[in-house]
Amino acid sequence: MDRNRAEEKLVGIRDSDGVPHLSLDIGGTLIKMVYFSSNSSESTDNRVNSSLKDKMSTSSGNLHYGIRNGGLHFTKFETSKISDCIEFISSKQLQHNGDRYYAAPTNDKNIIKATGGGAFKFADMFREKLGVTLDKVDEMDCLVTGANFLLKAVHHEAFTYIDGQKEFVQIDHKDLYPYLLVNIGSGVSMIKVESDTKFERVSGTSVGGGTFLGLGKLLTNCKSFDELLEMSRQGNNRVIDMLVGEIYGGNDYAKIGLASTAIASSFGKPISENKELEDYKAEDVARSLLRMISNNIGQIAYLNALHFGLKRIIFGGFFIRGHAYTMDTISVAVNFWSKGEAKAMFLRHEGFLGALGAFLSYEESGFPDVAHQLLEGFPQNSYCTED
Ligand SMILES: Nc1ncnc2c1ncn2[C@@H]1O[C@H](COP(=O)(O)OP(=O)(O)OP(=O)(O)O)[C@@H](O)[C@H]1O
Ligand SMILES: CC(C)(CO)[C@@H](O)C(=O)NCCC(=O)O
């Protein structure tokens, strides 16, 4: 929307605590939602939503911050269950974003900022079912805006994960750029971020979170991401992967820097074992799969960082899910390939970069002070509950 037009419409603001309610990032696997709720809407919602709450992606990763006037929520749904998401928005009346702001009774009223491929794919569905227009915001713009906002404004957002230890890193604003943002969603995007406004998607790979979940479902018959992740936690990848020592008679290949315990070939062991899939434990298969994909992403990320001279690699996307083994594998891969030169960092709001970026883009449409209002809802000013 043209800025002047938006400003004209701001004449219609009715109160001062108004904030846009909702933004969406509709990805290939998950819909991420950031929304504000007021105390009054919370009390009505509690009645409406007990069954809907069950339909929200009930796995962990949803965050709710309580603030004085209500709350800031980070919620996700499976994209394949988009009708649950629409029902949820409707039950909370979140679609009336514009009502408090726009004087003119035009079609522009009910506009929701949305990013991700689903902002295109499901635009008609949102219009038909909720009477709203999805105002499409570019996915890469949103990822970068969301990451920059979190890294600059939110205390204890970024952390390293080394040898099982999580260590928060407060990055100096003046020293934030450049960095490589690696967003691991269904697929993986790698973005060189050089300033608040300058960035370029320099690489990507189709071997990402969707590959983990898709192959995992086929190989282990798991029913959900959480189940697959839990299996991987219990498994042992050495049962499936071929190790250097197994090729080198128990020895390291020290000359090229490979320990006997290093993986020589992911999923290489079944080649010589004359066994069926059923003969392997699903947990071990899940572990090898997670390790293969995390390692591969860590390596490609490092190679890009090297190519562009970037020391800092920041990982986002819902594939990570704060899972210790995933972060450990990625950290080890980056550390191993860079010989300790580059560092992998992770984000507490890993999966919500795009949705946050879309939320912040309300400011460009004339909503005042969105970043400030959003910050009010973040941890330093609030209490947090996690599903
Ligand atoms: N509850 C869950 N259900 C399904 N996948 C999950 C869940 N939690 C984490 N994941 C993992 O996160 C991935 C999706 O991450 P994310 O939401 O960041 O990407 P997306 O936006 O759906 O994909 P893309 O950006 O490629 O369109 C899945 O492919 C899966 O590996
Ligand atoms: C297509 C997107 C950007 C959709 O989010 C993502 O899934 C992705 O970056 N996939 C990897 C595509 C590639 O670079 O090979």
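The chain is annotated in an unreviewed UniProt entry as pantothenate kinase from Penstemon smallii. Per UniProt, the chain has the following entry under Subcellular location (unreviewed entry): "Cytoplasm".

Asks: Got a minute to help me understand the environment of Pro-368 in this structure?
Replies: Relative to the elements of secondary structure, Pro-368 occurs in the loop between helix 13 (353–360) and helix 14 (370–376). The spacing of Pro-368 and Pro-20 is 348 residues in sequence and 9.7 Å in space, taken between C-alpha atoms.

Asks: Can you walk me through the nonpolar core in this structure?
Replies: Here is a general trend for soluble globular proteins: nonpolar side chains tend to be buried in one another's company. Ranked by internal contacts, the top residues of the largest apolar core, which has 59 residues, are Leu-24, Phe-126, Leu-181 and Phe-378. The element that contributes the greatest number of residues to this core is helix 7 (residues 139–153), accounting for seven residues. The residues contacting Phe-126, other than those within four sequence positions of it, are Leu-24, Ile-26, Ile-82, Ile-86, Ile-89, Gly-131, Val-132 and Leu-134. Membership of the second largest hydrophobic core comes to 33 residues, among which are Leu-180, Ile-184, Ile-293 and Met-327.

Asks: Teacher, can you tell me more about unusual backbone geometry here?
Replies: Only a minority of non-glycine residues have a phi that is not negative, and only a minority of peptide bonds are not trans. Here Tyr-177 and Pro-178 are connected by a cis peptide whose omega angle stands at -5°. Mapped onto the elements, Pro-178 comes out in the loop between strand 8 (165–169) and strand 9 (179–184). Unlike most non-glycine residues, Asp-163 shows phi in positive territory, near 50°. When you line up the elements, Asp-163 lands in the loop between strand 7 (158–162) and strand 8.

Asks: What should I look at first to understand the site of ligand 2 in this one?
Replies: Every residue near ligand 2 is listed here: Glu-139, Met-140, Gly-187, Val-188, Ser-189, Arg-201, Gly-204, Thr-205 and Ser-206. For ligand 2, an oxygen atom lies 3.4 Å from a polar atom in the backbone of Val-188. For ligand 2, whose unbound accessible area comes to 390 Å², protein coverage reaches 55%. When residues of the shell around ligand 2 are assigned to their parent elements, the largest contribution, three residues, is made by strand 11 (residues 199–205).

Asks: Where do I start with the confidence of the model for the chain in this structure?
Replies: For any part of a model where pLDDT is low, the fine detail of the predicted coordinates should not be relied upon. When pLDDT is averaged across the chain, the result is 87; 82% of the residues are at 70 or more. Predicted confidence is poor over residues 1–17, with pLDDT under 50, and the contacts of this stretch with residues over four places away or in other chains come to 29 contacts. For the stretch residues 43–48, pLDDT sits under 50, and the model shows four contacts to residues farther than four places along the chain or on other chains. Scored by ipTM, the complex comes to 0.99, with pTM at 0.91.

Asks: Would you mind going over the pattern of salt bridges with me for this structure?
Replies: Opposite charge on two side chains permits pairing when their charged atoms draw close. Summed over the entire model, instances satisfying the criterion amount to 11 salt bridges. Between Lys-198 and Glu-194 there is a salt bridge; the shortest N-O distance is 3.5 Å. Overall, the relative accessible area of 32% leaves Glu-194 in the partly exposed class. For Arg-321, the salt bridge goes to Asp-226, with nearest N and O atoms at 2.9 Å. One end of the pair, Arg-321, is in the loop between strand 14 (312–316) and helix 12 (324–337); the other, Asp-226, is in helix 9 (residues 225–234), and 95 residues separate them in sequence.

Asks: I would appreciate a short explanation of the site of ligand 1 in the present structure.
Replies: Taken together, 20 residues form the shell around ligand 1, and within it Gly-28, Thr-29, Lys-32, Ser-186 and Arg-321 come nearest. With respect to ligand 1, the backbone of Gly-187 contributes an N or O atom lying 3.1 Å from an oxygen atom. Contact between ligand 1 and Phe-318: an oxygen atom at 2.9 Å from a main-chain N or O atom of the residue. Among the elements of the structure, strand 2 (30–38) and helix 8 (209–220) are those that each provide at least two residues to the shell around ligand 1. Ranked by residue count, the leading element in the shell around ligand 1 is helix 8, at three residues. Split by residue class, the shell around ligand 1 holds six nonpolar, 11 polar and three charged.

Asks: How should the packing of helix 11 (residues 282–308) against helix 12 be read in this particular structure?
Replies: To characterise two packed helices, one gives the angle between the axes of the helices and the distance between these axes. It is at 8 Å that the axes of helix 11 and helix 12 come closest, and there the two elements cross at 40°. Classified by the angle their axes make, helix 11 and helix 12 are oblique. Crossing of helix 11 over helix 12 shows right-handed handedness. Facing Arg-287, Leu-290, Arg-291, Ser-294, Asn-295, Gly-298, Gln-299 and Tyr-302 of helix 11, the residues of helix 12 in contact are Tyr-325, Thr-326, Thr-329, Ile-330, Ala-333, Val-334 and Trp-337. When the residues that make up the contact of helix 11 with helix 12 are grouped by side-chain class, the tally is seven nonpolar, six polar and two charged.

Conventions used here
All residue numbers here refer to positions counted from 1 along the written sequence of the relevant chain. Chains and ligands are labelled sequentially in the order written, the chains with letters from A and the ligands with numbers from 1. Local features are withheld for residues below a pLDDT of 70 in this predicted model, meaning they are given only at 70 or higher, and side-chain atom pairs are given and counted only at 80 or more; totals for whole chains, interfaces and linings count all residues. Hydrogens are left out, water is left out, and the side-chain values use all remaining heavy atoms of the structure. UniProt positions are given in the numbering used here, feature names are shortened, and annotations may be inferred rather than shown by experiment. Working definition: helices are DSSP H or I runs of at least four residues, strands are E runs of at least two. Numbering for both runs from the N terminus. Residue types Ala, Val, Leu, Ile, Met, Phe, Trp, Tyr and Cys, when buried and joined through side-chain atoms within 4.5 Å, form a set referred to as a nonpolar core. Categorising residues by exposure relies on relative accessible area from a 1.4 Å probe, with only protein chains included: less than 20% of the type maximum marks a residue as buried, more than 50% marks it as exposed, and the intermediate range marks it as partly exposed. Any pair of residues with heavy atoms lying within 4.5 Å of one another is described as a contacting pair. Residue proximity to a molecule or strand is established when one non-hydrogen atom of the residue lies within 4 Å of it. The definition of a polar contact used here is a pair of N or O atoms within 3.5 Å, where within protein one atom must be able to donate a hydrogen and the other to accept one, and adjacent residues in sequence count solely through side-chain atom pairs. A 1.4 Å probe and the Shrake-Rupley method give the accessible areas. Residues count as covered only by the protein chains that appear here. A score from 0 to 100, pLDDT tells how confident the predictor is in each residue. What counts as a salt bridge is simple: a side-chain nitrogen of Lys or Arg found within 4 Å of a carboxyl oxygen of Asp or Glu. Each residue gets one of three labels, nonpolar for Ala, Val, Leu, Ile, Met, Phe, Trp, Tyr, Cys and Pro, charged for Asp, Glu, Lys and Arg, and polar for the others, Gly among them. Only C-alpha atoms enter the line fits that serve as axes; for helices the fit covers just the stretch in contact. Angles between N-to-C directions range over 0 to 180 degrees. By definition in this entry, angles of less than 35 degrees are roughly parallel, angles greater than 145 are roughly antiparallel, angles of 65 to 115 are roughly perpendicular, and the rest are oblique. Crossing handedness: left-handed means the near helix sits turned counterclockwise from the far one by under a right angle, and right-handed means the same turn made clockwise.

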